[in-house]
Amino acid sequence: MQPPQLIPDVSLRPFTTLRAGGRADWFAQMRSVDELAAMVAACHQGTDPLIVLGWGSNVLPSDAGVAGTVIINETRGLTIDADSGVVEVDSGVGFQELFLKTAQQGLAGLEFAVGIPGTVGGALVSNAGAYRSNVSEFLSEIEIVHEGERGWVSPAWMEFSYRDSVLRRQNPPRAVLLRLRFKLPPGTPKAIYDEARDYQRQRISKQPPSASAGSFFKNVNDADLAQRLETLPPKLKEAGVVPAGYLIESVGLSGHRIGGAMLSRRHANFIVNVGGATATEIRDLAALARWKVSEAHGVTLEPEVLFLGRWD
Ligand SMILES: Cc1cc2nc3c(=O)[nH]c(=O)nc-3n(C[C@H](O)[C@H](O)[C@H](O)COP(=O)(O)OP(=O)(O)OC[C@H]3O[C@@H](n4cnc5c(N)ncnc54)[C@H](O)[C@@H]3O)c2cc1C
């Protein structure tokens, strides 16, 4: 028997920023941490899959649907102690809202969050970041439900690396993030807002405004490849980093379309939904980019976007 708050057969399309994908077998929206924890613990008693989503800004649910239960995390609690810099935040709070509220209290560190859509929980799962910073840097504790048990763990539990954590792996532990504690350094409001504004300006000039999940693939850390690419800017050569968008553009796929899915002309690592794209069209376009880049450069692009549900 399913818990009574669950609704059967709900389309996930409106709950993803790509505006694509199929239906969840069971669906719920949770507004308090206790309610979320209880629902997760109840689901952990069974064997059906459970997926908690924030804004759906980093996922692609299959057109064939998602088995088990999908919960949208709408928890909103946030407390800030400006003197100590200790911040406790529900995992459903917007990452940008967290930046704005902490900046207002004179706390620095999260300037890079400006322009990253999604919740703090979603940010942690992919160790979201930009401009050489990432969300795990200032994290001190995480409250989770793991196999039905609620408790606080250290950041080491997440096994963070570049755009990755244990919760992104194949067969991840059955766990949901409830609340997070950060310790942020003090900063002067002018410096904080100037830095954030600078990042925002860079984003506006580079990112397409259409429906997307942001960068579809992770950038490639490969010093040899970086040296071989004659037109790669010197700064990137030095760092040994090759942007996925550079590689996709180099194989002539910028602007390429399959149905309603297009590799953006403005930023080739963004797959945009230019109207009615199916999840399959988006997946096929990503597979084409991956194949062409592998043929031309001998590297396999790793998706940053997570594929959910019933894929072949
Ligand atoms: C225009 C645009 C720009 C972007 N720019 C950036 C960028 O600069 N840097 C960057 O890193 N990312 C970027 N992204 C990607 C995305 O915004 C981030 O990965 C974001 O942090 C995801 O948050 P979310 O709440 O939308 O997660 P979702 O997409 O809802 O979920 C992502 C994954 O996390 C899991 N998850 C979510 N919440 C929880 C929870 N509470 N407990 C357990 N698991 C959970 C989900 O099950 C799923 O597997 C961008 C996306 C867009 C659309």
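In what follows, the structure referred to is the one given above.
Anyway, here's the lowdown on the structure attached to this text. (Residues numbered from 1 in each chain as written. Predicted model: local features only at pLDDT ≥ 70, side-chain atom pairs only at ≥ 80, totals over all residues.)

**Considering the overall build of the protein**
Okay, step 1: When helices and strands are counted, the protein shows eight helices and 18 strands.
Okay, step 2: Compactness check: the protein gives a C-alpha radius of gyration of 20 Å against a globular reference of 20 Å for 312 residues, within 12% of the reference.
Okay, step 3: Expressed along its principal axes, the backbone C-alpha trace of the protein runs to roughly 55 × 50 × 30 Å.
Okay, step 4: Out of the 312 residues belonging to the protein, those deemed buried represent 41%.
Okay, step 5: Pairs at least 24 apart in sequence give 64% of the contacts found in the protein among residues at least 6 apart. (Helix = DSSP H or I, 4+ residues; strand = E, 2+ residues; numbered from the N terminus. Rg over C-alpha atoms; globule rule 2.2 N^0.38 Å. Buried ≥ 20, exposed ≤ 12 C-beta atoms within 10 Å, placed from the backbone. Contact = placed C-beta atoms within 7 Å.)

**Thoughts on helix α1 (residues 33–44)**
Okay, step 1: Relative to the 16 Å expected for 12 residues at 1.5 Å per residue, α1 spans 16 Å between its end C-alpha atoms, a close match to the ideal helical length.
Okay, step 2: Listing the buried residues of α1 in full gives Leu36, Ala37, Met39, Val40 and Cys43. In an axial view of α1, the angular spread of the buried residues amounts to 165°, which keeps them on one side of the axis.
Okay, step 3: Tucked inside the fold, the buried residues of α1 contact β2 (23–30), β3 (50–53), β5 (66–73), β10 (139–146), β11 (149–153) and β12 (175–183). (Expected span 1.5 Å × (residues − 1). Arc of directions from axis to C-beta.)

**Quick word on the site of the ligand**
Okay, step 1: Close contacts around the ligand come from 34 residues, with Gly54, Gly118, Gly121, Gly122 and Gly214 the closest.
Okay, step 2: Elements with a minimum of two residues in the shell around the ligand: β3, α3 (120–125), β8 (129–130) and β12.
Okay, step 3: Ranked by the residues each element gives to the shell around the ligand, the list is headed by α3, at four residues.
Okay, step 4: For the shell around the ligand, the per-class residue count stands at 17 nonpolar, 16 polar and one charged. (Near = placed C-beta within 6 Å. Nonpolar A, V, L, I, M, F, W, Y, C, P; charged D, E, K, R; others polar.)

**Digging into unusual backbone geometry**
Okay, step 1: Phi is positive for tyrosine 131, which is not a glycine, with a value near 50°.
Okay, step 2: Structurally, the position occupied by tyrosine 131 is in the loop between β8 and β9 (133–134).
Okay, step 3: For tyrosine 131, a count of 13 C-beta atoms within 10 Å gives the class partly exposed.
Okay, step 4: Unusually for a residue other than glycine, asparagine 171 sits at a positive phi of about 50°.
Okay, step 5: Among the structural elements, asparagine 171 can be located in the loop between β11 and β12.

**Re the nonpolar core**
Okay, step 1: Ranked by size, the top nonpolar core spans 85 residues in total, and within it Leu60, Ile271 and Ile282 carry the most contacts.
Okay, step 2: When neighbours within four sequence positions are excluded, isoleucine 282 is seen to be in contact with Leu18, Ala20, Leu60, Ala261, Ile271 and Ala277. (Core = buried A, V, L, I, M, F, W, Y, C linked by C-beta atoms within 7 Å.)

**Looking at the sheet that holds strand β17 (residues 271–273)**
Okay, step 1: Pairing is antiparallel in the open sheet, where three strands are placed in the order β15-β16-β17. At either margin of the open sheet sits one strand with a lone partner, and together these are β15 (257–258) and β17.
Okay, step 2: Contacts between helix α8 (residues 279–297) and the sheet are confined to β15, β16 (261–263) and β17, with β16 contributing the most and set at about 25° to the helix. (Pairing = 2+ DSSP bridges. Axes fitted to C-alpha atoms, helices over the stretch in contact; angles between N-to-C directions.)

**A short note on the pairing of β12**
Okay, step 1: The element β12 is extensively covered by neighbouring structure, given that seven of its nine residues are classed as buried.
Okay, step 2: In this sheet, β12 lies alongside strand β7 (residues 86–90) in antiparallel orientation, the contact comprising five bridges. Residue aspartate 90 lies in a different strand from β12, and its bridge partner there is arginine 179.

**A few points about the sheet that holds β2**
Okay, step 1: The strand order across the open sheet formed by four strands is β1-β2-β5-β3, and the pairing between neighbours is mixed. Whereas interior strands pair on both sides, the edge strands pair on one side only; in this sheet they are β1 (7–11) and β3. Each neighbouring strand pair of the sheet contributes to a mean axis angle of 45°, computed without reference to strand direction.

**What to know about helix α2 (residues 95–104)**
Okay, step 1: If you check which residues of α2 are buried, you get Phe95, Leu98, Phe99, Thr102 and Ala103. Burial along α2 is one-sided: seen end-on, the buried residues are contained in an arc of 120°.
Okay, step 2: In this structure, the buried side of α2 is in contact with β6 (78–81), β7, α3 and α4 (189–206).
Okay, step 3: Downstream of α2 by one or two residues, glycine 106 has phi in the positive range, about 80°.

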